[in-house]
Amino acid sequence: MENYIGRLLDSRYEILEVIGTGGMAVVYKALDHRLNRLVAVKILKDELSRNQEFRRRFHAESQAVAMLSHPNIVSVYDVSRTGDADYIVMELIEGISLKQYLEKKLNLNWRETLHFSMQIAKALEHAHSRGIVHRDIKPHNIMILKDGSIKVADFGIARVGSAQNTLTREALGSVHYISPEQAKGARVDNRSDLYSLGVVMYEMLTGRTPYDGETPVSVAIQHINGGARRPSELMPGIPLGLEQIVMRAMNADPDARYTSATEMLRDMEEFRKNPAITFDFSAASAVRQPVQRAGMTRSEAERYAAQRAAKNPDGRTPEERRAERARREKELAAEKRRRNLTIGIIAAAVAFVILLVVLIVTLAGGSDNPNDQESTSDIENGEIAVEKFVGMRLEDINPDDYPDLRVDVRNYKEEYSDEYEEGYVMAQSPKAGEMVKRGRTVTLTVSKGAEEQEMPPLENMTEGDAVKKLEALNLGLKISRKDESSDKVKQGNVIRTEPAAGEKLQKGQEITLYISLGENKLPDLKNDTKSNAEARLRALNIGLNIIFLEEQSDDVAEGKVTRTVPAAGSQLREGDDVTVYISTGDGKVVVPPVIGFTKMEAIDLLKDADLMYEVREIYDPTVEKGKVISQSEKPNTKVEKGTVVVIDVSLGPEELPTEPSTEPTTESSSSSSEESSSSETETP
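Residues numbered from 1 in each chain as written. Predicted model: local features only at pLDDT ≥ 70, side-chain atom pairs only at ≥ 80, totals over all residues. Heavy atoms only, no water.

S.K.: Talk me through the overall build of the protein; I want residue IDs and the actual numbers.
M.R.: In terms of regular secondary structure, the protein is built from 20 helices and 27 strands. Counting across all 684 residues of the protein, residues that qualify as buried make up 45%. Within the protein, residue pairs in contact and separated by at least 24 positions form 65% of the contacts whose partners lie at least 6 positions apart. Accessible surface computed for the protein: about 35,500 Å², of which carbon and sulfur atoms make up 49%. (Helix = DSSP H or I, 4+ residues; strand = E, 2+ residues; numbered from the N terminus. Buried < 20%, exposed > 50% of the residue type's maximum accessible area, 1.4 Å probe, protein only. Contact = heavy atoms within 4.5 Å. Areas by Shrake-Rupley, 256 points an atom, 1.4 Å probe, with all protein chains shown as cover.)

S.K.: Explain unusual backbone geometry to me, and be specific about the residues and the numbers.
M.R.: The amide bond that connects S429 to the next residue, P430, takes the cis arrangement and shows omega of 0°. The residue P430 is located in the loop between strand 13 (425-429) and strand 14 (435-437) in this model. Of note, the bond from V565 into P566 is cis; its omega dihedral lies within 30 degrees of zero at 5°. Phi at D10 takes a positive value of approximately 55°, unusual for a residue other than glycine. Following the sequence through the fold, D10 ends up in the loop between strand 1 (8-9) and strand 2 (13-21). Positive phi is not limited to glycine here, since N36 has a value of about 55°.

S.K.: Any chance you could break down the side chain of E421 for me, citing the residues and the numbers?
M.R.: Relative to the assigned elements, E421 resides in the loop between strand 12 (413-415) and strand 13. At 7.4 Å, R393 is the nearest oppositely charged side chain to E421, a buried residue that forms no salt bridge. Residues in contact with E421, not counting those within four places in the same chain, are H128, S129, S260, T262, S447 and G449. (Lys, Arg positive; Asp, Glu negative; His and termini not counted. Salt bridge = Lys/Arg side-chain N within 4 Å of Asp/Glu carboxyl O.)

S.K.: Explain the sheet that holds strand 17 (residues 494-498) to me, using residue names and the numbers behind them.
M.R.: Pairing between the strands of a sheet comes from backbone hydrogen bonds, and it takes one of two forms, parallel or antiparallel. Ordered in space as 16-18-17, the 3 strands form an open sheet in which the pairing is mixed. Here the strands that pair on one side only, and so sit at the sheet edges, are strand 16 (478-484) and strand 17. Strand after strand, the sheet turns through a mean of 25° between neighbouring axes, direction not considered. Where strand 16 meets strand 18 (residues 510-516), 7 bridges bridge the pair, whose relative direction is parallel. Note on strand 18: the bridge partner recorded for K482 is Y514. The strands touched by helix 18 (residues 463-471) are strand 16, strand 17 and strand 18; relative to strand 18, the strand with the most contacts, the crossing angle is about 165°. (Pairing = 2+ DSSP bridges. Axes fitted to C-alpha atoms, helices over the stretch in contact; angles between N-to-C directions.)

S.K.: Just give me the short version of helix 8 (residues 190-206), but keep the residues and values in it.
M.R.: With 17 residues, helix 8 extends 25 Å between its outermost C-alpha atoms, agreeing within 8% with the 24 Å of an ideal straight helix rising 1.5 Å per residue. The element helix 8 is largely enclosed, with a buried count of 17 among its 17 residues. Note on helix 8: the residue one or two positions beyond its end, G207, has a positive phi of about 85°. (Expected span 1.5 Å × (residues − 1).)

S.K.: Break down the nonpolar core for me, with residues and values.
M.R.: Core analysis: the biggest nonpolar cluster contains 71 residues, and L98, F155, M201, M264 and M268 have the highest contact counts within it. Listed in part, the 15 residues of the second largest apolar core include A609, L611, Y613 and V639. (Core = buried A, V, L, I, M, F, W, Y, C linked by side-chain atoms within 4.5 Å.)

S.K.: Provide a residue-level description of the sheet that holds strand 8 (residues 142-145), including the pertinent values.
M.R.: Taken together, the 3 strands give an open sheet; going across it, the order is 7-8-9, and neighbouring strands pair in antiparallel fashion. The open sheet has two edge strands with one neighbour each: strand 7 (95-97) and strand 9 (150-152). Put simply, the sheet's adjacent strands are angled 30° from each other on average, direction ignored. Of the pairings in the sheet, the one linking strand 8 to strand 9 comprises 3 bridges and is antiparallel in character. When the bridges of strand 9 are listed, I144 appears paired with I150. Those strands touched by helix 3 (residues 98-105) are strand 7 and strand 8, and its axis lies near 80° from that of strand 7.

S.K.: Go over the environment of D608, please, and point to the residues and values.
M.R.: Of note, D608 is situated in helix 20 (residues 599-608). On the basis of relative accessible area, D608 is assigned to the exposed category, the value being 66%. Expressed as a C-alpha distance, the spacing of D608 and P592, which sit 16 residues apart in the sequence, is 9.3 Å.

S.K.: Go over the packing of helix 8 against helix 11 (residues 240-249), please, and point to the residues and values.
M.R.: Where helix 8 contacts helix 11, the axes come no closer than 7 Å and their chain directions differ by 140°. On the basis of their axis angle, the class for helix 8 and helix 11 is oblique. The chirality of how helix 8 crosses helix 11 is left-handed. Across from L194, Y195, G198, M201, Y202 and L205 in helix 8, the residues of helix 11 making contact are L242, I245, V246 and A249. Of the residues assigned to the contact of helix 8 with helix 11, the class counts are 9 nonpolar, 1 polar and no charged. (Parallel < 35°, antiparallel > 145°, perpendicular 65-115°, else oblique. Left-handed = near helix turned anticlockwise from the far one by under 90°. Nonpolar A, V, L, I, M, F, W, Y, C, P; charged D, E, K, R; others polar.)

S.K.: Pulling in residues and values, what's your account of a negative patch on the surface?
M.R.: Together, E601, D604, D608 and D610 line one region of the surface with negative charge. Here D610 lies in the loop between helix 20 and strand 23 (612-618). Judged by its relative accessible area of 36%, D610 is partly exposed. (Patch = residues over 30% accessible without salt bridge, like charges linked within 9 Å, V, L, I, M, F, W, Y side chains within 5 Å. Charge placed at Lys NZ, Arg CZ, Asp CG, Glu CD.)

Set out below in structure tokens:
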């Protein structure tokens, strides 16, 4: 697909070079002529572009991903098709993939692993909150920037690509990271991404993936069966708390994993604060684990995968659910029988009259309903334990899966919640585990997400604490900083914020923290306007002598500050000189279109644009005499000031002279005024 190099897509993106190749697309470096910036353009391979359904899904998913805005996700700028090419335009990342980084370092220490993993989890948290599941989290799709930050790539194309791959055709590079439900072709949700993140963390800590094999099918079967060795067995010294996080994320049963990236981040943060911490996952570990099925043949594995895929998303068949309910009911009945036996033994030691009273009280109070009999009659009369719905996404709840209850998924309440993401059940009535009559209606309360939040007061906080407080709002805020001098706020602390404290915040909003440089430090004025730069310097109130000079600049817009002398952050004293350089732009001018104008009009336009000119007069029967036929420099392009633009002016139809001449007459700014028939030279 190198035939795209040099092409201009949609009259905007100039393809420069190949920077990467995958199973579905080729990635090119390109120049966006409209915004004058370098971008990455991912062009689908020809065989996929010929599939109309794939193309439709590709465009739909990519446009959805383009709505994501998070510092740990590669930005998607554009999705389009031109000629025979379907492509997406993305942020160009200057860095290497996590896969390349691991190939160099083999394995990472636990601190670096945690640093990278928390950023990946934050990216997933943001995407999941918008209903987007990546489906292909692996080191190849995770980019490391020069500053050590992480960006996750390929959200849209990974989601569409999952529809194209079967278990036997899955690329070997991806099958090492897929979840068991992906390997079985079953329904995939947010927890699948968390499983893959757990595998990536495992590889970062140990230098190897938890499962390996000669074929993709053999690796996939290991994912389904579970039972990976603990990371500390391969690499001693890994803290137990971090190992617990990895193994919970990698649990083969989705119900035993973290329910959300937010929950996983919470444990990561707790571990970051206290690396000696250990977690109690007893409730999660009680969930049934998949049975080992070693030694399967390929056909047996595929039959097994098909059987498992036919089950419900929670991994249990209706028979398993009924068996679980029967087990609970049996345990409850046994407990009641033991309680009755104890009461009977105690009552036998007392007088017959007291025994009768105790029996009456026991039979009357052993049930929520005075008319009910104690012991197994509750079960025989149709009592069951209520299932747990809290933490489930409303749209994933199918009332038909719970034939003994009436789960109302239509008439539910909605409330704001900082704990549960939008669309997830945050409360239920009756509560999980409560014994109720068969057919009882279960009402649900669904989260509307976090309530609209205000900008918190951050003044005098350290920059780090301020950033943490903003990130804790879970709004995906874009946080930037600017430096200012202050004799009231300690160096490194927040002076003020934009927006100010108390203002309403929107998801993805830009926040600027003004950080104190301490007393009388020169602020960073680059890209400020001249007036704003002067105002900020005057605000120091130390009588600075401000000098403004101009200079050309290729990267700073005309009229904006390019640099200062002394440099930003320098200590200033009363009356110091500060030189502020203002950009004059790149020193080039735009060539005006002059074709069709009269000779004098064209000359005036070229002069106004700081260009020189040369006039040639030629016969042309198709153009009115005195009008410009052509110009040597293309209209609306940029050239250096003083460039000579040659314009051809029509003499009209040629008149047959006594002695015909074939040479055109010329006016040029370099000719003598005495040569009236040849040229005319003029500077603007």
